[in-house]
Each structure stands twice: as structure tokens, then as C-alpha cells.
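Structural features, examined
Now for the letters of each chain:
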Amino acid sequence: AGSDCSASGSFCVGTYTGNGTSPRAITTGFQPDLFIVKPLAATAANWRSSSMPTNYGQFFINTAQETTGALYTTLDATGFTVGATNNTNATVYYFVAFKNASNAIKVGTYSGTGSATNVTGVGFQPDFVFTKNATNATAQQAVYSLNESYGDSSSYFYDAD
């Protein structure tokens, strides 16, 4: 895998070419708390965070949570391990991995109420937030909000190219 990891060990950007072997370890040089993988194909990006159980993963698009390890299996001390969906033979994959960093990056979960929810415990005012329903029974699309968004505006992720 080719990668450009930061000296601080808090983020890594890289590529790998699928070899059809599953599971397959991808090295970042640190244990990430959030990573995103996008194949060089008309397929949506997917992600996993350290707050998710082993074998869980999510697509940003309107797809239910994946819980069988087809996207990801484990977080590792020096990276993460992908399943068969993220390691198709001869497919090029791009990834970015982040480590929780004070006042910069934080992953977590919260329980929704069906109404507006004030999420606490982040520890700083984020410039970018994304969230997705963590159920494998109901397909939901991830949403995000930027500091530059107007008021309570948010947007859906979508780009399969």
C-alpha cells in the first residue's frame, strides 16, 4: 500500500490495489479511530470508526449498516483490516485514516430521540460533523454539516464516481 502518513501519527492518506485476499491488513502506522475507503470505480465510499464493533462498516449512501465483515473486520495497532468488498482483485482503493486528536478529531456515538439532539462530550467546537443511523435494519444516508453551513443546514453525502 502506498501512503503519505503524517509525522504526528494522526492522519494518513494512501492507496492500495486489491489482491482478492480476505481479510487483508492495511498499514497506516497507527491505530486509526476513523477511516474511509473509496474504490476507483462507480461505487460509493464506506467508513468505519473505533466506536463501531468488530466487523461493522457503513456506506455514506442510503444503505443499511454492514455487520458481516465484508467491508472491514478489525482495527489494528498499525492500521485496519478490510474484508472482501474492499479488496476486489486488481481494483485500486483510496483511503484516509484519522486518529482522535485533542481539539481536532473525535469519533463517538449518541442515541437519537426522534427530535433535535444536542450532542455533548466532543470537547471542542467542530468545523465538520457527519452522522449516520447505526442500524442494519433501516437504510439511511449519512448527513454532514460544515461550520460554513447556514443555521441548521445539513447535506447528504453522495458521489459514486
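This report concerns the structure included in the present document. All figures in this text were calculated on a predicted structure; none of them were measured in a lab.

For the rest of this paragraph, the subject is the pattern of salt bridges. Inspection of every chain in the model, using the stated rule, returns one salt bridge. Here K99 ties to D33 by a salt bridge, and the two come within 3.7 Å at their closest N and O atoms. Within this pair, whereas K99 is found in the loop between strand 9 (92-98) and strand 10 (128-131), its partner D33 is found in the loop between strand 3 (24-27) and strand 4 (34-39), the two being separated by 66 residues in sequence. We classify K99 as partly exposed; its relative accessible area is 30%.

Attention shifts here to unusual backbone geometry. Look at the link from S22 to P23: it is a cis peptide, with omega at -5 degrees. Summarising the element assignment, P23 is placed in the loop between strand 2 (11-17) and strand 3. If you check the backbone angles, N55 has positive phi at about 75 degrees while not being a glycine. Following the sequence through the fold, N55 ends up in the loop between strand 5 (46-49) and strand 6 (58-59).

Before going further, it helps to examine the pairing of strand 4. Judged by how many residues are buried, strand 4 sits mostly within the fold: six of six residues are covered. Going residue by residue along strand 4, you find L34, I36 and K38 tucked away on one face and F35, V37 and P39 tucked away on the opposite face as well. Bridge analysis of strand 4 against strand 5 gives four bridges, and the strand direction is antiparallel. Bridge pairing links L34 to S49 in strand 5. Connecting strand 4 to the antiparallel partner strand 5 that follows it, the hairpin turn spans six residues. Here strand 4 pairs with strand 9 via six bridges, running antiparallel. Directly across from V37, in strand 9, lies its bridge partner F95.

In this structure, Y16, V37, Y72, F80 and F95 are the most contacted members of the largest nonpolar core, which totals 16 residues. Put simply, the parts of the chain that give this core at least two residues each are strand 2, strand 4, strand 7 (72-76), strand 8 (79-82) and strand 9. A total of three residues in this core trace back to one element, the largest contributor, which is strand 9. Ranked by size, the runner-up nonpolar core spans eight residues in total, among them L34, A45, M52 and F60.

Cut-offs and rules
- Residues numbered from 1 in each chain as written.
- Predicted model: local features only at pLDDT ≥ 70, side-chain atom pairs only at ≥ 80, totals over all residues.
- Heavy atoms only, no water.
- Salt bridge = Lys/Arg side-chain N within 4 Å of Asp/Glu carboxyl O.
- Helix = DSSP H or I, 4+ residues; strand = E, 2+ residues; numbered from the N terminus.
- Buried < 20%, exposed > 50% of the residue type's maximum accessible area, 1.4 Å probe, protein only.
- Pairing = 2+ DSSP bridges.
- Core = buried A, V, L, I, M, F, W, Y, C linked by side-chain atoms within 4.5 Å.

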